[in-house]
Amino acid sequence: MSHTPAALTPGTVLVLVDLQQWIVSRPAAPLTGPAVVRSAARLKTAFETAGLPVVLVRYARVDGSDGGPDSPFNRFAPEVAARPGNEVVTKYGIDAFAGTDLADRLDRLGATGLVIAGIATEYGVGETVRTAVTLGYPTTVVEDAVTALSTSGHTAALDAFHRLGVTVTHTDALLTAAA
């Protein structure tokens, strides 16, 4: 397992998971949703400035009871809202790869490594990380840009990531490595 953060180099793609306003506003631990969004926004800005791809993943209910993917209910937090050039993937389950075209989009973008952030560490982020590793992507999780439903769930998920060979780092370390 590497402890060296991924650099912002060609082929690195930022994947932000479930940073919709309604999810961000829910209770979380050890960080609040707004704290995660602040770190994720810094990452997004750095990737965009470097000309690197950003993929925003949103969850929508399969039965449409939330108004559908483009409803006001499913809007991203304003600090990380999709901009021209960002990719948006809608998922109807926990894993951002399951039942979506995320893998195809990553192939089209020339992804050779992923940086993943979002909510919740033990659910949407965790399942997406596990699939990314299974697909062979060197994966970095940004610890101060993820949070969970509980501190124990967060810690257990990060420990599982380490066992998978995932790099776990902080926003400042990642951005410093890129400088």
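See the structure above.
Quick look at the structure, then. Predicted model only: the values in this text are computed from it and were never measured.

1. Some remarks on the nonpolar core
Inference 1: In this structure, Leu 14, Leu 16, Leu 19, Leu 43, Phe 47, Val 80 and Ile 119 are the most contacted members of the largest nonpolar core, which totals 27 residues.
Inference 2: Ranked by residues supplied to this core, first place goes to helix H2 (residues 33–49) with 7 residues.
Inference 3: Those residues in contact with Leu 14, other than ones at most four positions away along the chain, are Leu 43, Lys 44, Phe 47, Pro 53, Val 54, Val 55 and Val 115.
Inference 4: Judged by nonpolar contacts, the second largest core, of 24 residues, contains Val 15, Leu 106, Ile 116 and Val 129.

2. Re the packing of aromatic side chains
Inference 1: Under the definition given, this model contains 1 aromatic pair.
Inference 2: Judged by centre distance (5.2 Å) and plane angle (20°), the rings of Trp 22 and Phe 73 are stacked. On the criterion of sequence distance, the pair formed by Trp 22 in helix H1 (residues 21–24) and Phe 73 in the loop between strand S2 (54–59) and strand S3 (87–91) is long-range, its members being 51 residues apart.
Inference 3: Under the relative-accessibility criterion, Trp 22 is labelled buried at 18%.

3. Let's talk about H2
Inference 1: The terminal C-alpha atoms of H2, which comprises 17 residues, lie 24 Å apart, in line with the 24 Å expected from a rise of 1.5 Å per residue.
Inference 2: For H2, the full list of buried residues reads Gly 33, Ala 35, Val 36, Val 37, Ser 39, Ala 40, Ala 41, Leu 43, Lys 44, Ala 46 and Phe 47.
Inference 3: Of the residues flanking the start of H2, the one acting as N-cap is Thr 32, its side-chain oxygen 3.1 Å from the backbone nitrogen of Ala 35.
Inference 4: Backbone geometry just after H2 places Gly 51 at a positive phi near 75°.

4. What to know about the layout of surface pockets
Inference 1: Quantified by volume, the largest pocket comes out at close to 300 Å³.
Inference 2: Surrounding the largest pocket, 15 residues form its lining, Asp 18, Ile 23, Arg 26, Ala 120 and Tyr 123 being those nearest its centre.

5. A few points about the sheet that holds S3
Inference 1: Strands sit in the order S3-S2-S1-S4-S5-S6 across an open sheet of 6 strands; the sheet is parallel. Strands at the two margins of the open sheet, each flanked by one partner only, are S3 and strand S6 (167–169). Mean inter-strand twist for the sheet, computed between neighbouring axes without regard to direction, equals 25°.
Inference 2: By the bridge criterion, 6 bridges tie strand S1 (residues 12–17) to strand S4 (residues 113–119) in an arrangement that is parallel. Each residue of the ladder has a partner; that of Thr 12, found in S4, is Gly 113.
Inference 3: Lying on the sheet, H2 is in contact with S1, S2, S4 and strand S5 (139–147); it crosses S5 at an angle near 140°.
Inference 4: Each of S5 and S6 is contacted by helix H5 (residues 151–164), which is oriented at about 170° to S5, the strand it contacts most.

6. Description of the pattern of salt bridges
Inference 1: Under the defined criterion, the tally for this structure stands at 9 salt bridges.
Inference 2: Glu 48 serves as the salt-bridge partner of Lys 44, at 2.7 Å between the closest nitrogen and oxygen. Of this pair, Lys 44 and Glu 48 both sit in helix H2, 4 residues apart, which is roughly one turn of the helix.
Inference 3: Given the relative accessible area of 23%, Glu 48 is considered partly exposed.
Inference 4: Two residues, Arg 83 and Glu 48, come together in a salt bridge whose shortest N-O distance is 2.1 Å. Linking Arg 83 in the loop between S2 and S3 with Glu 48 in helix H2, this pair joins segments that are 35 residues apart in sequence.
Inference 5: Ionic contacts of the salt-bridge type, sharing partners, join the residues Glu 87, Asp 101, Arg 105 and Arg 108 into one network.

7. Observations regarding the pairing of S3
Inference 1: Summarising burial for S3: 4 of the 5 residues are buried, a large majority.
Inference 2: Across 5 bridges, the pairing between S2 and S3 is parallel. The residue of S3 that forms the bridge with Arg 58 is Thr 90.

Rules used in this analysis
Residues numbered from 1 in each chain as written. Predicted model: local features only at pLDDT ≥ 70, side-chain atom pairs only at ≥ 80, totals over all residues. Heavy atoms only, no water. Core = buried A, V, L, I, M, F, W, Y, C linked by side-chain atoms within 4.5 Å. Buried < 20%, exposed > 50% of the residue type's maximum accessible area, 1.4 Å probe, protein only. Helix = DSSP H or I, 4+ residues; strand = E, 2+ residues; numbered from the N terminus. Contact = heavy atoms within 4.5 Å. Phe/Tyr/Trp six-rings, centres within 6.5 Å; stacked < 30°, edge-to-face > 60°. Expected span 1.5 Å × (residues − 1). Polar contact = N/O pair within 3.5 Å; in protein donor to acceptor, adjacent residues only side chain to side chain. 1 Å grid on protein atoms, 1.4 Å probe; cavity = no way out; pocket = protein on both sides within 12 Å on 5 of 7 lines; lining within 4 Å. Points joined across faces, edges and corners; volume = space filled by probe spheres on them. Pairing = 2+ DSSP bridges. Axes fitted to C-alpha atoms, helices over the stretch in contact; angles between N-to-C directions. Salt bridge = Lys/Arg side-chain N within 4 Å of Asp/Glu carboxyl O.

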